[in-house]
Amino acid sequence: MNRTEQVLGIPGHDTPIIPTQAPTSGWTERLFKLREHNTTVRTEIVAGLTTFLTMAYIIFVNPSILGDAGMPKEAVFVATCLIAALGTGIMAFYANYPIALAPGMGLNAYFAYVVVLQMGFTWQAALGAVFVSGCLFLLVTVFRVRELIIRGIPQSIRLAITVGIGLFLAIIALKSAGIVAPSKATYVTLGDLHTPQAVLATIGFFLIVVLDRLKVPGAILIGIITVTVLSFFFAGNTFHGVFAAPPSIAPTFLQLDIKSALSGGILNVILVFFLVELFDATGTLMGVARRAGLLVPGKMDRLNKSLLADSGAIFAGSLLGTSSTTAYVESAAGVQAGGRTGLTALTVAVLFLAALAISPLAGAVPAYATAPALFFVACLMLRDITELDWDDTTEVIPAAVTALAMPFTYSIANGLAFGFITYAVLKLFTGRARQVHWMVWLIGGVFLFKFIYIGGH
């Protein structure tokens with residue numbers, strides 16, 4: 001059993017992860033079953049802190065993006081922290097999963113720059129669209145339609161989801177570190193490697209890999225903190241204190257306009273929100289849960305609960321005043337750090353609540369400090385590509401399309417869409433249509449309809 005398998009806790013191998021200390025037999029054991037998952041309170045808290053640091057950027061990025069749509073940034077900041085804490089807390093106690101929730105990147109950009117600024121709807125109507133899509137999302141979860149979808153996903157696509165998420169994390173990390181930069185001629189190119197940000201991110205990456213190989217507990221967290229400390233000396237990072245009073249949420253709380261959201265012109269927007277929420281969140285949950293060794297056939301109860309947790313978070317987020325909430329792919333960093341239960345998620349939820357009062361401190365961790373952690377996790381997530389059946393092109397090509405489309409379209413949902421369509425088409429024209437689960441035909445058809453009649457947003 002190699003080091004990657006040990007860290008990720010892949011099921012089906014003969015050696016379980018051995019905790020460094022006996023789990024506490026108190027309320028944490030009763031709620032989160034630490035012994036059953038071969039983990040400890042310390043490991044779970046470190047994993048939660050790691051996840052929080054890799055996704056804390058949303059606290060500041062989400063208000064900035066939604067602010068461009070005319071929403072009050074201070075109120076959006078509070079709504080972002082509250083829904084992240086609420087959604088992740090439900091994930092912790094109800095599903096016992098080490099996965100964090102927060103307003104999704106991509107969905108917030110679509111909300112602000114397409115729905116409001118391009119299509120001309122008010123941000124209140126856009127919030128109403130999020131609310132309606134959240135209700136639909138909740139319904140398909142309660143009636144177990146999402147469970148049917150998951151059961152219908154072919155094994156090759158399941159493997160590709162994890163690989164695609166790894167590639168998606170990689171491009172996010174390289175962009176945050178300044179190692180990948182935009183180019184008009186080639187779309188992406190090499191960034192300026194002489195900047196302090198790129199140098200520090202590189203140092204952080206090698207530090208994490210070396211510490212992990214030497215089996216140093218908290219290797220990822222140590223890397224993030226080390227780069228953050230160095231940034232004050234070499235990258236011009238500034239310390240703005242620790243505490244600040246949180247602003248009022250009143251300007252966005254219950255300000256959604258459901259009546260306008262149900263008008264004809266915005267129904268397409270609701271469908272886009274719904275489809276992206278459905279497949280982005282489902283793909284993330286499946287990918288991260290599989291990396292944690294939690295996606296075990298025949299034991300899907302916790303996954304079903306996690307689906308309900310993130311469905312409810314969209315509904316609640318629209319009431320608080322933020323765009324769609326989703327499962328965060330950065331949760332993979334916490335899983336890599338050893339997180340296996342809801343105690344990891346609870347730690348993240350508490351930290352998001354704390355961020356309401358310690359926003360200056362949370363803002364001191366730059367994106368290039370968390371980039372090495374994400375890139376390290378991305379590298380390890382590519383392992384699943386070796387499990388594909390490379391002799392069957394009707395399986396491996398859709399898997400490759402799924403994985404490659406995620407980073408290149410900057411969307412997990414788009415990757416799944418292209419993968420499903422490719423899978424169905426190849427099986428149909430090679431005379432193997434009877435091998436395809438009926439859900440694949442349905443999902444592929446829905447995505448094809450979306451691309452033809454609605455567009456690629």
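Residues numbered from 1 in each chain as written. Predicted model: local features only at pLDDT ≥ 70, side-chain atom pairs only at ≥ 80, totals over all residues. Heavy atoms only, no water.

You'll find the protein entered in an unreviewed UniProt entry as AGZA family xanthine/uracil permease-like MFS transporter, with Variovorax soli given as the organism. In UniProt, the protein has this text filed under Sequence similarities (unreviewed entry): "Belongs to the nucleobase:cation symporter-2 (NCS2) (TC 2.A.40) family. Azg-like subfamily." (UniProt positions renumbered as here; feature names shortened; annotations may be inferred.)

Undergrad: So what's going on with a nonpolar patch on the surface? Which residues, and what values?
TA: There is a patch of nonpolar side chains on the surface, built from Leu148, Val425, Leu428, Phe429, Trp438, Trp441, Leu442 and Val446 and spanning about 770 Å² of accessible area. Elements supplying a minimum of two residues to the nonpolar patch: helix H20 (412-429) and helix H21 (438-454). Sort the elements by how many residues they give to the nonpolar patch and H21 lands first, with 4 residues. Along the chain, the position of Val425 falls in helix H20. (Patch = residues over 30% accessible without salt bridge, like charges linked within 9 Å, V, L, I, M, F, W, Y side chains within 5 Å. Areas by Shrake-Rupley, 256 points an atom, 1.4 Å probe, with all protein chains shown as cover. Salt bridge = Lys/Arg side-chain N within 4 Å of Asp/Glu carboxyl O. Helix = DSSP H or I, 4+ residues; strand = E, 2+ residues; numbered from the N terminus.)

Undergrad: Describe the side chain of Thr402, and please don't skip the residues or the numbers.
TA: Tracing the chain through its elements places Thr402 in helix H19 (residues 393-409). The exposure class assigned to Thr402 is buried, which follows from its relative accessible area of 0%. Reaching out from Thr402, the side chain makes a polar contact with the backbone oxygen of Pro398 at a distance of 2.8 Å. (Buried < 20%, exposed > 50% of the residue type's maximum accessible area, 1.4 Å probe, protein only. Polar contact = N/O pair within 3.5 Å; in protein donor to acceptor, adjacent residues only side chain to side chain.)

Undergrad: Could you give me a rundown of the packing of aromatic side chains, with the residues and numbers involved?
TA: The description of an aromatic ring pair uses the distance of the two centres, along with the angle that the planes make with each other. For the structure shown, the criterion picks out 6 aromatic pairs. Measuring from centroid to centroid gives 5.1 Å for Phe131 and Phe315, while their planes differ by 40°, and the two rings are tilted. With Phe131 in helix H7 (residues 123-142) and Phe315 in helix H14 (residues 301-320), this residue pair connects regions lying 184 residues apart in the sequence. Residue Phe315 is classed as partly exposed on the basis of its relative accessible area of 29%. Chaining the aromatic ring pairs together yields one cluster made of Phe205, Phe206 and Phe375. (Phe/Tyr/Trp six-rings, centres within 6.5 Å; stacked < 30°, edge-to-face > 60°.)

Undergrad: An account of unusual backbone geometry is requested, with residue identities and associated values reported.
TA: Look at Asn96: it is not a glycine, yet its phi comes out positive at around 55°. Structurally, Asn96 is set in the loop between helix H5 (73-95) and strand S1 (101-103). Since its relative accessible area comes to 9%, Asn96 is described here as buried. Here Leu254, not a glycine, exhibits a phi torsion of approximately 60°, which is positive. Inspection of the secondary structure assignment puts Leu254 in the loop between helix H11 (219-234) and helix H12 (258-261).

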